[in-house]
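What the coordinates show
Below, each chain spelled out in residue letters.
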There are 2 protein chains.
Amino acid sequence: MTETVAPPHPFDTAVGLTPLTAGLSTGETNPAYNNMVGPFGGVTAATLLESVLKHPERLGDPLSLTVNFAGPITEGAFEISARPVRTNRSTQHWSIELSQDGTVATTATAVFGTRRETWSSTEITMPEVPSAENVALLPFPEFIAWAQNYEMRFVEGAIPDLESGEHPDSTTTLWVRDQPARALDFTSLTALCDVFFPRVFLRRGKMAPAGTVSMTIYFHADAQTLTAQADNSVLGTARTQRFGNGYFDQSAEIWGSDGALLATTHQLVYFKD
Amino acid sequence: MTETVAPPHPFDTAVGLTPLTAGLSTGETNPAYNNMVGPFGGVTAATLLESVLKHPERLGDPLSLTVNFAGPITEGAFEISARPVRTNRSTQHWSIELSQDGTVATTATAVFGTRRETWSSTEITMPEVPSAENVALLPFPEFIAWAQNYEMRFVEGAIPDLESGEHPDSTTTLWVRDQPARALDFTSLTALCDVFFPRVFLRRGKMAPAGTVSMTIYFHADAQTLTAQADNSVLGTARTQRFGNGYFDQSAEIWGSDGALLATTHQLVYFKD
């Protein structure tokens with residue numbers, strides 16, 4: 001009798017780390033999650049979070065994460081150092097760096113903590129949209145490797161084609177999940193927060209160099225809420241407040257299929273005309 | 001004939017640093033900018049930014065700043081280390097730590113850079129409000145020291161009094177400037193991004209322990225735009241997306257008196273019931 005073991009999900013392969021010492025681990029870029037230049041930022045952010053999640057001194061679950069894309073990550077091996085800067089009774093603050101050959105490519109800070117039940121209220125409302133199965137699947141251009149690992153169903157603001165022309169606003173709303181389907185956890189939620197193509201493409205109706213400079217995630221969901229979400233699609237909606245002088249911001253929300261607000265996330269993005 | 005030298009503005013005293021070496025400086029908490037417990041977070045954030053602005057290797061102007069309030073700052077001296085982690089052609093990434101007696105109290109990352117003219121568009125619109133001089137000045141309770149250094153004119157969502165009761169939403173919009181008036185710069189804009197009292201006070205109509213855990217600022221204004229603003233009031237507007245399990249987020253915009261979007265800013269805040 002032979003046992004069959006399912007191969008790991010491509011996402012788990014991409015964010016996998018090998019611990020060297022407590023706080024130091026190595027990983028490798030994964031071509032399946034490449035962007036046009038270098039790896040998809042969402043997977044880099046998820047890998048940095050993973051380095052804390054796997055740290056033996058980690059306290060609780062992620063509350064916030066800020067990732068700064070300081071320089072290009074080249075294909076191949078990298079090293080991540082994750083340092084618990086301060087541990088309090090219910091929160092823990094982390095400083096994280098990803099390096100290649102001794103050069104820092106990405107920095108991050110994270111706040112982890114234990115949650116307790118309190119009064120709660122979601123003040124914003126989920127966009128009114130058809131359910132995921134009633135929205136057409138839109139394949140992404142094949143040369144964008146990472147996007148092949150996501151099932152995207154655009155409700156508004158799909159990626160423009162060559163004839164699109166300018167768009168009146170920068171809002172994209174889509175149902176999205178890993179492809180093949182994978183149960184949601186903090187690591188995959190982190191990557192999903194970066195799933196929106198650059199807002200300037202949509203507004204201007206054309207592609208041009210653009211890349212995230214800094215990205216912040218506030219996690220509203222606890223582990224139980226993520227478990228309930230299972231492998232259903234989440235609804236993401238993103239927009240820009242201002243474009244100007246080579247940079248634009250982006251704010252987005254990620255909603256669970258049952259209407260729970262899972263995360264709010266913000267970026268500063270570099271762009272060229 | 002005697003020369004009279006104007007005393008420094010209280011804000012400049014509060015954020016003032018004494019350099020020890022390149023990247024290491026000392027400062028002192030200032031009782032005039034105290035919050036209920038410890039210093040006003042906005043002044044702490046501004047002081048961290050100041051440590052980069054005064055660093056001899058600094059490139060360009062602030063693009064983004066994230067500050068993590070890891071633990072309490074006690075009254076007295078502190079030390080700030082600011083390290084340029086990576087310097088590119090037009091951007092520079094910083095890691096910053098504030099310590100007291102060898103214990104880290106605050107961490108931060110910042111992105112600085114040189115800007116160049118590009119296509120620009122502000123997609124959100126400034127709230128329609130009366131001009132600052134047509135909105136009544138509202139004095140803050142005297143026991144909140146830092147607020148005495150700001151001239152606040154609330155358009156909506158003023159700080160609740162004991163009889164306020166619950167509020168339908170968490171939005172506050174106010175005209176605000178330093179008191180006495182002071183020309184706006186990146187340092188004072190940073191502090192102004194934290195000028196909103198905790199949103200949970202407004203929603204629930206009562207005070208309870210609350211404090212910022214992590215705060216991010218995206219600077220949309222360049223130095224020229226700040227100079228044009230001079231010492232006029234800026235319009236700040238802030239709201240929460242979700243309160244729950246001991247934390248809430250806050251997103252805010254800071255507008256110049258002439259309608260230019262100066263900064264967008266986000267926070268994760270701890271609260272008790």
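Note that this is a predicted model, so its numbers are computed, not measured.

A word on the overall build of chain A. In terms of helices and strands, chain A carries five helices and 14 strands. Taking 273 residues into account, the globule formula puts the C-alpha radius of gyration at 19 Å, and chain A, at 18 Å, falls close to it. Dimensions of chain A, computed from the C-alpha atoms along their principal axes, are close to 55 × 50 × 45 Å. Counting every position in chain A, which comprises 273 residues, the buried fraction comes to 58%. Counting contacts in chain A only where the partners sit at least 6 residues apart, residues at least 24 apart contribute 69% of the total.

Attention shifts here to helix 2 (residues 41-53) of chain B. Residue pairs spaced three or four apart in an α-helix point in one direction, given the helix's 3.6 residues per turn. Along its 13 residues, helix 2 of chain B runs 18 Å from first to last C-alpha, staying within 8% of the 18 Å computed at 1.5 Å per residue. Taken across its 13 residues, helix 2 of chain B has 13 buried, putting it largely inside the fold.

So, on to unusual backbone geometry. In this chain, A:Gln179 is followed by A:Pro180 through a cis amide linkage whose omega measures 0 degrees. Counting through the fold element by element, A:Pro180 comes out in the loop between strand 9 (172-178) and helix 3 (186-192). One non-glycine residue, B:Asp101, lies in positive phi territory at about 50 degrees. Positive phi values are uncommon outside glycine, yet B:Ala230 reaches one of about 50 degrees. Locating B:Ala230 in the fold gives a position in the loop between helix 5 (223-229) and strand 11 (234-239).

This brings us to the pairing of strand 5 (residues 91-100) of chain A. Residue and element names in this part refer to chain A. Among the ten residues that make up strand 5, ten are buried, leaving the element largely enclosed by the rest of the structure. Covered by surrounding structure in strand 5 are Thr91, His93, Ser95, Glu97 and Ser99 together with Gln92, Trp94, Ile96, Leu98 and Gln100, the residues of both alternating faces. Pairing analysis gives eight bridges linking strand 4 (residues 77-87) to strand 5, with the strands arranged antiparallel. Across the sheet, residue Ser81 finds its bridge partner in strand 5, namely Glu97.

Quick look at the relation of the copies chain A and chain B now. At an RMSD of 0.0 Å, chain A and chain B line up after a rotation of 180 degrees and a shift of 0.0 Å along the axis. The superposition of one copy onto the other is thereby described by a two-fold rotation axis. The fraction of interface residues of chain A whose copies in chain B are also interface residues reaches 98%, indicating that both copies meet through the same surface.

A complete count under the given rule lists 20 salt bridges over all chains for this structure. Here A:Asp185 makes a salt bridge to A:Arg182, at a shortest N to O gap of 2.8 Å. For B:Asp61, the salt bridge identified is with B:Arg58, shortest N-O distance 3.9 Å. A cluster of three or more residues bridged by salt bridges with shared partners is formed by A:Asp12, A:Arg182 and A:Asp185.

Moving on to the side chain of A:Gln267. Mapped onto the secondary structure, A:Gln267 falls in strand 14 (residues 261-271). On the basis of relative accessibility, which here comes to 2%, the residue A:Gln267 falls in the buried class. Of note is the side chain of A:Gln267, whose polar atom sits 2.5 Å from the side chain of A:Asp194. Apart from residues no more than four positions distant in its own chain, A:Gln267 is found in contact with A:Cys193, A:Asp194, A:Thr212, A:Ser214, A:Met215, A:Phe248, A:Asp249, A:Gln250 and B:Tyr218.

Turning next to the interface of chain A and chain B. Each partner contributes residues to the interface: chain A has 65 residues there, and chain B has 64 residues. Between chain A and chain B, the buried area comes to about 5600 Å², and carbon and sulfur atoms account for 50% of it. Applying the counting criterion to the chain A and chain B interface returns four salt bridges. In this structure, the salt-bridge partner of A:Arg83 is B:Glu97, at a minimum N-O distance of 2.8 Å. Put simply, chain A and chain B have 40 residue pairs in polar contact (both at pLDDT 80 or more) between them. Element by element, the count of residues in the side of chain A that touches chain B is highest for strand 14 of chain A, at seven residues. Partitioning the side of chain A that touches chain B into residue classes produces 20 nonpolar, 30 polar and 15 charged. In this structure, strand 12 (residues 242-244) of chain A lies alongside strand 7 (residues 121-122) of chain B, joined through two bridges in antiparallel fashion. Each residue of the ladder has a partner; that of A:Arg242, found in strand 7 of chain B, is B:Thr122.

This brings us to the UniProt feature "domain: Acyl-CoA thioesterase-like N-terminal HotDog" (unreviewed entry) in chain A. UniProt annotation of "domain: Acyl-CoA thioesterase-like N-terminal HotDog" (unreviewed entry) refers to residues 34-113 of chain A when read in the numbering used here. Its end C-alpha atoms 32 Å apart, residues 34-113 of chain A is made of 16% helix and 51% strand.

Residue and element names in this part refer to chain A. A full pass over the atoms with the stated rule returns 24 aromatic pairs over all chains. Ring geometry for Phe140 against Trp146: centres 6.1 Å apart, planes inclined by 55 degrees, an arrangement best described as tilted. A centroid spacing of 6.4 Å and a plane angle of 55 degrees characterise the contact between Phe154 and Phe197, whose relative ring orientation is tilted. In this pair, Phe154 sits in strand 8 (residues 150-156) while Phe197 sits in the loop between helix 3 and helix 4 (199-204), placing the two residues 43 residues apart along the sequence. Residues Phe154 and Phe197 agree in their burial class; the two are buried. Every member of this aromatic cluster is reached through a ring pair, and the members are Phe40, Phe140, Trp146, Tyr150, Phe154 and Phe197.

Here the UniProt-annotated "domain: Acyl-CoA thioesterase-like C-terminal" (unreviewed entry) positions come out as residues 135-270 of chain A. Along residues 135-270 of chain A the backbone is 15% helical and 38% strand, and the end-to-end C-alpha distance reaches 31 Å.

Our focus in this paragraph is a nonpolar patch on the surface. Residues and elements named next belong to chain A. A contiguous nonpolar patch, built from Met36, Val37, Phe143 and Met207 and spanning about 440 Å² of accessible area, is present on the exposed surface. Tracing the backbone through its elements, the reader meets Phe143 in the loop between strand 7 (121-122) and strand 8. The class of Phe143 is exposed, set by a relative accessible area of 54%.

So, about the side chain of B:Glu151. As for its placement among the helices and strands, B:Glu151 is situated in strand 8 (residues 150-156). Beyond its immediate chain neighbours, meaning those up to four positions away, B:Glu151 contacts B:Leu137, B:Trp175, B:Val176, B:Arg177, B:Gln179 and B:Ser233.

With that settled, the discussion passes to the environment of A:Thr118. Mapped onto the elements of the fold, A:Thr118 is located in the loop between strand 6 (103-113) and strand 7. Ignoring anything within four residues of it in the chain, the contact list for A:Thr118 reads B:Gly244, B:Asn245, B:Gly246, B:Phe271 and B:Asp273.

Position of A:Asp222 among the secondary structure elements: in the loop between strand 10 (210-219) and helix 5 (223-229). Setting aside residues up to four positions removed in sequence, A:Asp222 forms contacts with A:Arg115, A:Phe186 and B:Asn245. In terms of polar contacts, A:Asp222 uses its side chain to reach the side chain of A:Thr225, at 2.6 Å.

The rules behind these values
- Residues numbered from 1 in each chain as written.
- Chains lettered and ligands numbered in written order.
- Predicted model: local features only at pLDDT ≥ 70, side-chain atom pairs only at ≥ 80, totals over all residues.
- Heavy atoms only, no water.
- Helix = DSSP H or I, 4+ residues; strand = E, 2+ residues; numbered from the N terminus.
- Rg over C-alpha atoms; globule rule 2.2 N^0.38 Å.
- Buried < 20%, exposed > 50% of the residue type's maximum accessible area, 1.4 Å probe, protein only.
- Contact = heavy atoms within 4.5 Å.
- Expected span 1.5 Å × (residues − 1).
- Pairing = 2+ DSSP bridges.
- Least-squares fit on C-alpha atoms with pLDDT ≥ 70 in both.
- Salt bridge = Lys/Arg side-chain N within 4 Å of Asp/Glu carboxyl O.
- Polar contact = N/O pair within 3.5 Å; in protein donor to acceptor, adjacent residues only side chain to side chain.
- Buried area = accessible area lost by both parts, 1.4 Å probe.
- Nonpolar A, V, L, I, M, F, W, Y, C, P; charged D, E, K, R; others polar.
- UniProt positions renumbered as here; feature names shortened; annotations may be inferred.
- Phe/Tyr/Trp six-rings, centres within 6.5 Å; stacked < 30°, edge-to-face > 60°.
- Patch = residues over 30% accessible without salt bridge, like charges linked within 9 Å, V, L, I, M, F, W, Y side chains within 5 Å.
- Areas by Shrake-Rupley, 256 points an atom, 1.4 Å probe, with all protein chains shown as cover.

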